[in-house]
Amino acid sequence: MFGYVTICEPELKVKDLKKYKAYYCGLCRSLKEDYGFMGQMTLTYDMTFAVILLSSLYETETETQMHRCKVHPVKKQRMLRNEITSYAAAMNVLLAYYHMKDDWEDDRKVSSLMTESLLRRKARKIAETYPRQSQAIRRELKELAECEKAGSTDIDRTAGCFGRLMEELFVYREDGWERSLRKMGFFLGKYIYIMDAYEDLPEDIEKGRYNPLKKIYEKEDYEERMRQILCMMIAESTAEFERLPCLVDVDILRNILYDGIWNRYNKIQMKKSEERKK
């Protein structure tokens with residue numbers, strides 16, 4: 001369900017692209033150092049966005065480091081890290097742990113059980129450090145599982161679960177920016193959930209799997225309605241973002257929110273266009 005909140009590389013300046021990659025590599029490094037190889041495997045673009053957003057908002061002092069890694073074994077890579085990088089790494093692992101735990105309990109996937117067992121001890125320590133976020137993830141994933149079992153087609157209810165989950169992760173500190181961060185995270189979370197359902201719908205229909213968009217799909221104006229829904233979610237999220245006093249890396253953040261967020265949607269439209277031509 002992750003991987004939608006990323007950059008639009010052609011529209012990003014070279015210096016900003018290098019900085020974005022440095023944040024991404026910094027998060028990857030923190031995951032490896034704090035949680036080992038399995039933690040590193042939970043790396044997402046979405047939490048990289050959270051690192052850049054919160055670092056900009058709080059003007060956090062960021063350290064530049066140079067490291068080699070398995071992906072780049074020859075040349076050392078620039079990595080940007082700060083206290084928020086560590087927070088995002090913890091949230092990455094916590095999300096992966098509860099997701100794998102739910103997959104095992106619901107579908108008895110052996111691969112999920114193995115991953116869950118490897119992350120269990122570290123996830124429990126994170127939950128002790130961040131009880132608010134941990135409780136929110138468990139609560140909303142449980143609600144989402146209940147929606148799926150009931151076959152709910154109430155998109156506001158299902159997407160709202162993931163929206164409330166994301167809003168809790170965006171609240172790094174409970175301060176004057178909490179309201180805007182919550183609203184921004186809520187609508188961004190809803191966008192991610194709906195976009196994921198939109199992308200998966202053809203395969204879900206073919207394999208008879210749950211998807212909350214099946215009812216909307218029956219409407220003649222399905223594509224237009226989906227476009228409007230997705231635009232509305234991003235409009236609400238970006239409106240709150242523009243209320244935040246983010247100055248550092250604001251070009252990267254706007255690139256993601258106004259362009260990069262549509263990467264997967266545009267690819268789907270191109271694929272559909274090619275299929276129609278055939």
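What counts, and at which threshold
- Residues numbered from 1 in each chain as written.
- Predicted model: local features only at pLDDT ≥ 70, side-chain atom pairs only at ≥ 80, totals over all residues.
- Heavy atoms only, no water.
- Buried < 20%, exposed > 50% of the residue type's maximum accessible area, 1.4 Å probe, protein only.
- Helix = DSSP H or I, 4+ residues; strand = E, 2+ residues; numbered from the N terminus.
- Contact = heavy atoms within 4.5 Å.
- Core = buried A, V, L, I, M, F, W, Y, C linked by side-chain atoms within 4.5 Å.
- pLDDT = per-residue confidence, 0-100.
- Axes fitted to C-alpha atoms, helices over the stretch in contact; angles between N-to-C directions.
- Parallel < 35°, antiparallel > 145°, perpendicular 65-115°, else oblique.
- Nonpolar A, V, L, I, M, F, W, Y, C, P; charged D, E, K, R; others polar.

## Observations concerning helix H10 (residues 250–258)
Inspection of H10 places Val250, Ile252, Leu253, Asn255, Ile256 and Leu257 among the buried residues, and these make up the whole buried set. On its buried face, H10 is in contact with helix H1 (14–40), helix H2 (45–58), helix H7 (178–207) and helix H9 (222–241).

## Remarks on the nonpolar core
Counting 85 residues, the largest nonpolar core has Phe49, Leu53 and Leu213 as its most contacted members. Looking at which element gives the most residues to this core, the answer is H7, with 13 residues. Those residues in contact with leucine 213 that lie beyond four places of it in its chain are Ile155, Ile194, Ala197, Tyr198, Leu201, Tyr222 and Met226.

## A look at unusual backbone geometry
Positive phi is not limited to glycine here, since glutamate 59 has a value of about 50°. Relative to the elements of secondary structure, glutamate 59 occurs in the loop between H2 and strand S1 (63–67). By relative accessible area, glutamate 59 is classed as exposed at 59%. Phi at aspartate 249 takes a positive value of approximately 60°, unusual for a residue other than glycine. Turning to its location among the elements, aspartate 249 is positioned in the loop between H9 and H10. Its relative accessible area of 11% is what places aspartate 249 among the buried residues.

## Some thoughts on the confidence of the model for the protein chain
For the protein chain, the average pLDDT comes to 91, and 93% of its residues sit at 70 or higher. For the protein chain, helix H4 (residues 110–129) is the element with the lowest average pLDDT, namely 74, and H10 is the one with the highest, namely 98.

## Looking at the packing of H1 against H10
The geometry of H1 relative to H10 is characterised by a closest axis approach of 10 Å and an angle of 85° between their N-to-C directions. When the axis of H1 is compared with that of H10, the two are roughly perpendicular. When H1 is examined against H10, the residues Asp16, Lys19 and Tyr20 are found in contact with a partner set consisting of Asp251, Ile252 and Ile256. Each residue belonging to the contact of H1 with H10 can be placed in one class, and the counts come to three nonpolar, no polar and three charged.

## Some words on the environment of asparagine 92
Relative to the helices and strands, asparagine 92 resides in helix H3 (residues 83–107). Placed 65 residues apart in sequence, asparagine 92 and leucine 27 show a C-alpha to C-alpha distance of 9.7 Å. Sequence-distant contacts of asparagine 92, defined by excluding residues within four places in its chain, comprise Leu27, Leu31, Thr42, Leu43, Thr44 and Met47.

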